[in-house]
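Structural features, examined
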Amino acid sequence: LKLDSSCTPFLASRDSRAMPKICEPGGSGLMLPLSQAEHKMNKGARAVIYILLLLYMFMGVGTVADCFMNAVEKIISKKRRIYRPQKKRTVTYLVWNSTVADLTLLALGSSAPEILLSVLEIMSNGFYSGELGPSTIVGSAAFNLLIILAVCVLAIPNGETRSIEHMSVYHVTVIFSIFAYMWLLFIVEVISPNVIDIWEALLTFVMFPTLVTISWLANKGKLPWLALEKKSEDDDAVSDVGNRRSSLLDDESNAAQKSHHPRLKLRGSVAAAAMVTGGTRKSHVVAEAQRDADGEDKAIPAGSNGKDLQDPVTKRRIHAPNGIITFRSDAVEVEEHQFKDEPTIVKLDILRCNGSEGTISCKLQTEGLSAVPGKDFEEMDETLEFEDGETEKEVELCIFPQRPLEPDDVLQLVLSEAEGDAFFNPNDDGGKAIGLLTVTIKNSEAPSLMERLVDRDNFFAGLKVWKQQILASWKPEEEEAEDGEEASQWKPKDYILFVLGLPFNVFFAIVCPPAMWAGGFLLFTVALTWVAVVTALISDLASLFGCCADIPDATTAITIVAMGTSLPDTFASMTSASKDDTADSSIVNVTGSNSVNVYLGIGIPWLAAAIYWAAASGDTLLAWKLRYATVLDGALVSNYPSGAFVVQGGALGFSVLIFNCVAISCLVILRVRRLALGGELGGPKKLAYASSATLIFLWLSYTGSSIWRNSSKDAEVMIYPLAAIAVLAVIGGLVFELSGKGRFDPEAAKEDAEARKGLKDHAAPEVVVHGVAEDMNNAEVTDNIKEGLEPEKIGASTLEIPPESSAPNAQEAPEVDAEVLLEVPGSEKLEEVVSPESSSALDEGKKKRPSPKKSARGTEAGEAKEKKVPKKKSEAKPKAPTEEPKEDAKDE
């Protein structure tokens, strides 16, 4: 078809009539509107209804995303035991590397709404580009990087900091994150303006596996130079020994794998803890007795005649302050013939080697690999405590009767959270981080095909879990109390949110199967499908709202949609930042997620669209030419007669450029905070507020500029000030980095922390009046001291209360026992006897009028008048002075 200027206006108007807007008669999205009758309603009323439904759908996508994360949690917690003949040991390790899991399954779980929104928009538009998906990805990236980090900076308690531990992985994700949005700007505005070629979209997608591969290498320590931090000589020595130990044992099983995603509920649990360190003492024994045939112990607790555990590299005794906790053997087998009709009790020994001084403790839990808790064995979750001098504990594992022709079942006993300067056997499976004992229940040597295909125990246990899941969805979830703290009580807003979210909770509890089926992949597929359905509703509602309110899709995307899809990650990151010891879960996942959003959320749909239009022909190609006949004065149709995937830059390119400016400024702030305060998050509250305010200002600048650009090209003037801020931030950061001034000194900070701790431990002195301790730091006591109503502490002695005639403010003192003691922790209790004259003066003053500031403590103490404070034998009462008491109490 050859187009000329005479037919162009007609074809353009014809195309506009053929594609009505979603809020106009004949318009439709993927799922909405439900009926064309909606178009007869008032647009203003429809806009209010759509925005309320859109906000409500954000709650729904958060609920189904949690179900999706449960599936991911189950998948990445899968463990495998492999026997290494060349090393003569069996090791347990997580199948999924922590970094790979964070950047693939976990990133997909947290970014699924943004990615699916972009994919579904392309599909609903007939593979034409839209503004909602790309703008949501960029707006969500800005919200994640600026607002989530601003909240996390303030979430840390005053004076504390959190720093990134895995700097190599962080720098990889930062480089790929900045490159992702720079690359997006280049392919839209520079390389082939307004057109996306197949190779550009393909390279965008290929950058995702490249990111995962390089991050995996950094996690394995293959790219140490990416840390960009110098190590001390001691660190180098430790690293050298660690490298030699790693080569001796097993590179795959030496690194403790731990996912850092804030929304992963498994954090801190056994399955997500460091499962993989050290080698294994291969030992298959009958569980009834973990001893040799002659009855002797395989491992002997340390003592005068004991055998100490040795380092496999240096062959020297492993130094342990209060001992090493270990199983007698890290693998046992239980023969099937032992089982009758009743459960079997297996007795297992837990030893304490290389020292037995002091009290130590650890947690003991069971975890099923192929064995099912409640069906194959009884779950254990208890705390073991070794008293001073105690070197051995015995625990009992209950194994239930097995079915005929059932395959072997495997479970593990896990020791974790060692306390009291103790750790676990570094030579065993699990290493120094945790202790592992693998129990293999030997069943039939030739199990039936049905038993191998379907695990009946797992199936029926899953049905029970599904039932409990549905019943629990109707009830408010009570938070568990942490150690030393009370469980927080529900507030009215919590009940309101629960009632609002109840339909989603019940619905997804019914339609989402338990994660234990099919290793979590069944729930993964079902939950991902429902995430797509809810995301389709969000896409249609956002478009309907923007159309009815006459707001561009790009504006709706970078504000309402971006914030709504990122709020669950905001609350999860804030909680994780305050509870975790590092900042990895809060920062590294933001930079990694922002990268994944571009490489998958842009790469997949744009690659599909580019291939689609490259192969277009016939009526499809004609429709494309009609659509872009008037765009850029027909340049697209003349330059690409065979069709191409068109993505008009304009507002999108401007938004990406502005985001890069504010992102660079944010990253510089994080780097300066690490150098000056010792951590990217936290620090003194004033500095934390200043950092958060700066990040919020950058986000407001980005959002405001992007909204302005969606309505006017005049907003492009904002590029200059924001770019200048980014340049100045980089220059200032480099100067601070190279100057070496104002750096955080960890040694000085450690000394200050110890000094503060010492001051806290040295409690404020107490005045004992009538046997009741009076805190000298109490505000009421302080006021009474100022007005002469209570004795003032001077050193380690007391002052007698002056009589009425000499009181500073002519006020009477409260009734005071004849004996006033000052208690100072760590010192002997001193005591002075008040003179008879002073005592009588006090009684007379008391009768005249009561003290205006006499507290309830004084009243209660008066009932115990003349009551002596009991003393320990070591706190002997000093002898009374031999000289006569002075007559003038004021002089005294």
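No experiment lies behind these values; they were computed from the predicted model shown.

1. A short note on a negative patch on the surface
A surface patch of negative charge is lined by Glu 357, Glu 385, Glu 387 and Asp 388. Taking the relative accessible area as the measure of exposure, Asp 388 reaches 56% and is therefore exposed.

2. Topic: the layout of surface pockets
Volume-wise, the second largest pocket comes out at about 1700 Å³. Around the second largest pocket, the lining comprises 50 residues; the ones closest to its centre are Ser 129, Gly 130, Glu 131, Asp 553 and Arg 627. Taken together, the elements giving at least two residues each to the lining of the second largest pocket come down to α1 (8-18), α3 (98-124), α4 (132-155), α12 (521-548), α13 (553-579), α18 (651-677) and α19 (685-711). Here the residues of the lining of the second largest pocket sort into 18 nonpolar, 20 polar and 12 charged.

3. Side note on the sheet that holds strand β7 (residues 344-353)
Reading across the sheet, the four strands line up as β10-β7-β5-β12 and stay open at both edges, with mixed pairing between neighbours. In this open sheet, the two strands that pair with only one neighbour each are β10 (392-399) and β12 (423-424).

4. Section: the sheet that holds strand β8 (residues 360-368)
Each strand in a sheet pairs with another by means of backbone hydrogen bonds, the pair being arranged parallel or else antiparallel. Taken together, five strands build an open sheet; the order of strands is β6-β13-β11-β8-β9 and the sheet is mixed. Of all strands in the sheet, those bounded by a partner on one side alone are β6 (331-334) and β9 (381-386). Each adjacent strand pair in this sheet contributes to an overall mean axis angle of 20 degrees, direction not counted. Strand direction decides the pairing type here: β8 and β9, joined by six bridges, are antiparallel.

5. Topic: the pattern of salt bridges
The tally for this structure, following the rule as stated, stands at 13 salt bridges. A salt bridge links Glu 367 to Lys 79; its shortest N-O distance comes to 3.2 Å. Here the residue Glu 367 occupies a position in strand β8, and Lys 79 occupies one in strand β1 (residues 79-84), the gap between them amounting to 288 residues. Here Glu 367 matches Lys 79 in class, with each residue buried. The salt bridge partner of Arg 81 is Asp 429, with a shortest N-O separation of 2.8 Å. Of this pair, Arg 81 sits in strand β1 while Asp 429 sits in the loop between β12 and β13 (435-441), and the two are 348 residues apart along the sequence. What emerges from the salt-bridge pattern is a single network uniting Arg 328, Asp 349 and Glu 392.

6. Focus on the state of the cysteines
One pass over the full model with this rule turns up one disulfide. Covalent S-S linkage joins Cys 23 and Cys 547, the inter-sulfur distance amounting to 1.7 Å. One quick way to see it: the torsion about the S-S bond of Cys 23 and Cys 547 is about -45 degrees, and its sign makes the bridge left-handed. Linking Cys 23 in the loop between α1 and α2 (43-76) with Cys 547 in helix α12, this pair joins segments that are 524 residues apart in sequence. The two residues Cys 23 and Cys 547 agree in class, both being buried. Unpaired in this structure, Cys 67 has its nearest cysteine sulfur neighbour in Cys 512, at a distance of 4.1 Å. On the basis of relative accessibility, which here comes to 15%, the residue Cys 67 falls in the buried class.

7. A few points about the packing of α13 against α19
The interhelical angle for the contact between α13 and α19, taken along N-to-C directions, is 145 degrees, at an axis separation of 8 Å. Mapping the contact onto sequence places Ala 554, Thr 555, Ile 558, Thr 559 and Met 563 in α13 and Trp 699, Tyr 702, Thr 703, Ser 706, Ile 707 and Asn 710 in α19.

8. As for the pairing of strand β5 (residues 324-327)
The two faces of β5 match: Ile 324 and Thr 326 on one face and Ile 325 and Phe 327 on the other face are all buried. Examined bridge by bridge, β5 and β7 share four bridges and lie antiparallel to one another. Directly across from Phe 327, in β7, lies its bridge partner Ile 350. Pairing of β5 with β12, which is carried by two bridges, proceeds in the parallel orientation. In the strand pairing of β12, Ile 324 is matched with Phe 423.

9. A closer look at the packing of aromatic side chains
Scanning the entire structure with this criterion turns up 23 aromatic pairs. Ring centres of Phe 179 and Trp 183 lie 6.1 Å apart, and the angle between their planes is 15 degrees; this geometry places the pair in the stacked category. Of the two residues, Phe 179 and Trp 183 are both situated in helix α5 (residues 167-189); the distance of four residues between them amounts to about one turn of the helix. Judged by relative accessible area, which is 35%, Phe 179 ranks as partly exposed. Its relative accessible area of 10% is what places Trp 183 among the buried residues. Ring pairing ties together the aromatic residues Phe 127, Tyr 128, Tyr 612, Trp 613, Trp 624 and Tyr 628, which thus form one cluster. Directly above the ring of Phe 423 sits Lys 432, whose terminal nitrogen or CZ lies 4.4 Å from the centroid. Sitting over the ring of Tyr 128, Arg 627 keeps its end group 4.1 Å from the ring centre.

10. Thoughts on the environment of Ala 554
Mapping Ala 554 onto the fold places it in helix α13. Between the alpha carbons of Ala 554 and Thr 136 there is a distance of 7.6 Å; along the sequence they are 418 residues apart.

11. Quick look at a nonpolar patch on the surface
Side chains of Phe 186, Val 190, Ile 191, Ile 198, Trp 199, Leu 202, Leu 203, Val 206 and Ile 611 sit close together on the surface and give an oily, nonpolar patch of about 740 Å² of accessible area. Sort the elements by how many residues they give to the nonpolar patch and helix α6 (residues 198-219) lands first, with five residues. The residue Val 190 is located in the loop between α5 and β4 (195-196) in this model. Among the residues examined, Val 190 registers a relative accessible area of 47% and is labelled partly exposed.

12. Comments concerning α12
Look at α12: 40 Å from first C-alpha to last across 28 residues, which is about the 40 Å you get at 1.5 Å a residue. Where α12 ends, the next residue or the one after it, Asp 550, has phi of about 60 degrees, a positive value.

13. Focus on the environment of Gly 159
Topologically, Gly 159 is positioned in the loop between α4 and β3 (161-162). With 523 residues separating them in the primary sequence, Gly 159 and Gly 682 have C-alpha atoms 7.0 Å apart. Residue contacts for Gly 159: discarding those within four places in its chain leaves Gly 683 and Pro 684.

14. Considering the side chain of Thr 63
Note on placement: Thr 63 falls in helix α2. A polar contact is formed between the side chain of Thr 63 and the backbone oxygen of Met 59, at a distance of 3.0 Å. Ignoring any residue separated from it by four or fewer positions in sequence, one finds Thr 63 in contact with Phe 504, Asn 505 and Phe 508.

15. Concerning the nonpolar core
One finds Tyr 170, Tyr 181, Trp 606, Phe 645 and Phe 659 to be the most contacted residues of the largest nonpolar core, which totals 94 residues. The leading source of residues in this core is α5, at 14 residues. Setting aside residues no more than four positions away along its own chain, Phe 645 makes contact with Ile 122, Phe 127, Tyr 128, Ser 129, Asn 194, Val 195, Ile 196, Trp 606, Ala 609, Ala 610 and Trp 613.

16. So, unusual backbone geometry
For the peptide bond that leads from Leu 32 to Pro 33, omega is -5 degrees, which places it in the cis range. Tracing the backbone shows Pro 33 in the loop between α1 and α2. A positive phi angle, close to 60 degrees, is found at Asp 550, a residue other than glycine. Inspection of the secondary structure assignment puts Asp 550 in the loop between α12 and α13. Using a relative accessible area of 67% as the deciding quantity, one classes Asp 550 as exposed. The residue Leu 632 is not glycine, and still its phi comes out positive at about 55 degrees. Mapping Leu 632 onto the fold places it in the loop between α16 (618-627) and α17 (635-639).

17. Some remarks on the environment of Ile 707
For Ile 707, the position within the fold is in helix α19. Taking relative accessible area as the criterion, Ile 707 reaches 32% and is therefore assigned partly exposed. Once the C-alpha coordinates of Ile 707 and Ile 551 are considered, the two residues, 156 residues apart in sequence, prove to be 9.8 Å apart. With sequence-adjacent residues up to four places away left out, Ile 707 is seen in contact with Thr 555, Ile 558 and Thr 559.

Cut-offs used in this document
- Residues numbered from 1 in each chain as written.
- Predicted model: local features only at pLDDT ≥ 70, side-chain atom pairs only at ≥ 80, totals over all residues.
- Heavy atoms only, no water.
- Patch = residues over 30% accessible without salt bridge, like charges linked within 9 Å, V, L, I, M, F, W, Y side chains within 5 Å.
- Areas by Shrake-Rupley, 256 points an atom, 1.4 Å probe, with all protein chains shown as cover.
- Salt bridge = Lys/Arg side-chain N within 4 Å of Asp/Glu carboxyl O.
- Lys, Arg positive; Asp, Glu negative; His and termini not counted.
- Charge placed at Lys NZ, Arg CZ, Asp CG, Glu CD.
- Buried < 20%, exposed > 50% of the residue type's maximum accessible area, 1.4 Å probe, protein only.
- 1 Å grid on protein atoms, 1.4 Å probe; cavity = no way out; pocket = protein on both sides within 12 Å on 5 of 7 lines; lining within 4 Å.
- Points joined across faces, edges and corners; volume = space filled by probe spheres on them.
- Helix = DSSP H or I, 4+ residues; strand = E, 2+ residues; numbered from the N terminus.
- Nonpolar A, V, L, I, M, F, W, Y, C, P; charged D, E, K, R; others polar.
- Pairing = 2+ DSSP bridges.
- Axes fitted to C-alpha atoms, helices over the stretch in contact; angles between N-to-C directions.
- Disulfide = S-S within 2.5 Å.
- Contact = heavy atoms within 4.5 Å.
- Phe/Tyr/Trp six-rings, centres within 6.5 Å; stacked < 30°, edge-to-face > 60°.
- Lys NZ or Arg CZ within 6 Å of the ring centre and 35° of its normal.
- Expected span 1.5 Å × (residues − 1).
- Polar contact = N/O pair within 3.5 Å; in protein donor to acceptor, adjacent residues only side chain to side chain.
- Core = buried A, V, L, I, M, F, W, Y, C linked by side-chain atoms within 4.5 Å.

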